[in-house]
Amino acid sequence: MHVVRVEGIYKDYLLGDQVVQALSNITLQIEQGVFLAISGPSGSGKTTLLNIIGCIDQPTKGRVFINDQDVTGWSNDKMADLRSHTIGFIFQTFNLLPVLSAAENVEYPLLYRKDVSREERQRRVKYFLEMVGLGGKGDHRPNQLSGGQRQRVAIARALAVQPAIVLADEPTANLDRATGSEILELMRNINKHLGTTFIFSTHDQRVIDLSNRLVRIEDGVMRELGIRRGNAWTTVPAASSRKESKPRVSEDLRASLGATGSQGQTG
Ligand SMILES: Nc1ncnc2c1ncn2[C@@H]1O[C@H](COP(=O)(O)OP(=O)(O)OP(=O)(O)O)[C@@H](O)[C@H]1O
Ligand SMILES: [Mg+2]
């Protein structure tokens, strides 16, 4: 099963009378438990792709599957319900609610969950704040926390719904090096121990170094796919950017990431 599958995704933004094509023909499937980095230059479409995978935004064209369920065109309410059960999102700027304490921020998405009792909410808030090393800071408001601590609250909030998928938009961009490395280690441990799938957008080589899957995009087009076995990366051009050759390893890798492209250029 694939936790995420996108097929032939396009995203156009209308800016005045200009159309900005942010994504073009992205096809990708993501296995459960991977640590996937989406990298590419500024403006290449990373956040746009993450928002579509995270059911925060809809593609202009193409289909999105979460846990093999086609969610394309779902209403905002249905999407919100899906997110509250399945997807944790860590925004680049954390997006904590400033008037709520750290604990209340972590609890917040759980308030949408009818299947989670008050006692269970309290238990998870305590558990996940402790997991990210903020056991003693639950009553602090975001402005009483450092940047790294705020990022940890955002991680605890994303994890508290016990999602199958955590999406993180440049999780280290607003942190100093040491804090960034700590946060990454924390996420990698969660990935290893809970089997949670992590999908990052990133400019940060350290994120790529910790990942085991890589998708490189440029100008909204998928350029390169990578898979890591042990310490060795194998990378191949993505099907949509490939000119002709069909080495066997590429097919293996492309099959793993599912990026066969709608032209069916596999061999
Ligand atoms: N709401 C919007 N309206 C119009 N254009 C947009 C909108 N959001 C993004 N874009 C454009 O779409 C393209 C992709 O943007 P996106 O934010 O996905 O890039 P990114 O790879 O995340 O960049 P960065 O690394 O700087 O965060 C850019 O050209 C951007 O200007
Ligand atoms: Mg971005």
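Residues numbered from 1 in each chain as written. Chains lettered and ligands numbered in written order. Predicted model: local features only at pLDDT ≥ 70, side-chain atom pairs only at ≥ 80, totals over all residues.

Caption draft 1: Main features of the sheet that holds strand β3 (residues 35-39). On the basis of which strands lie adjacent, the open sheet formed by 7 strands has the order β6-β7-β8-β3-β9-β10-β11 and mixed pairing. Pairing within the sheet leaves two strands with one partner each, and these edge strands are β6 (87-90) and β11 (232-237). The sheet shows a mean angle of 15° between the axes of neighbouring strands, direction not considered. Both β3 and strand β9 (residues 213-218) contribute to a ladder of 4 bridges, which runs parallel. Across the sheet, L36 pairs through a bridge with R213, a residue of β9. Packed on one face of the sheet, helix α5 (residues 147-160) meets β6 and β7 (165-169) and runs near 170° to β6. (Pairing = 2+ DSSP bridges. Helix = DSSP H or I, 4+ residues; strand = E, 2+ residues; numbered from the N terminus. Axes fitted to C-alpha atoms, helices over the stretch in contact; angles between N-to-C directions. Contact = placed C-beta atoms within 7 Å.)

Caption draft 2: Structural view of the packing of α5 against helix α6 (residues 177-194). At a closest axis distance of 10 Å, the pairing of α5 and α6 adopts a crossing angle of 15°. With respect to α6, the element α5 is oriented roughly parallel. As α5 packs across α6, the resulting crossing turns out to be right-handed. Across from G148, Q151, I155 and L159 in α5, the residues of α6 making contact are T179, I183, L186 and I190. In terms of residue class, the contact of α5 with α6 is made up of 5 nonpolar, 3 polar and no charged. (Parallel < 35°, antiparallel > 145°, perpendicular 65-115°, else oblique. Left-handed = near helix turned anticlockwise from the far one by under 90°. Nonpolar A, V, L, I, M, F, W, Y, C, P; charged D, E, K, R; others polar.)

Caption draft 3: Quick look at the confidence of the model for the chain. Looking at the chain as a whole, its pLDDT mean stands at 89, while 90% of the residues score no less than 70. Contacts for the low-pLDDT stretch residues 242-248, under 50 throughout, to residues beyond four places or in other chains number 4 contacts. Across residues 260-267, confidence stays below pLDDT 50; counting only partners more than four residues off in sequence or on other chains, it has 18 contacts. (pLDDT = per-residue confidence, 0-100.)

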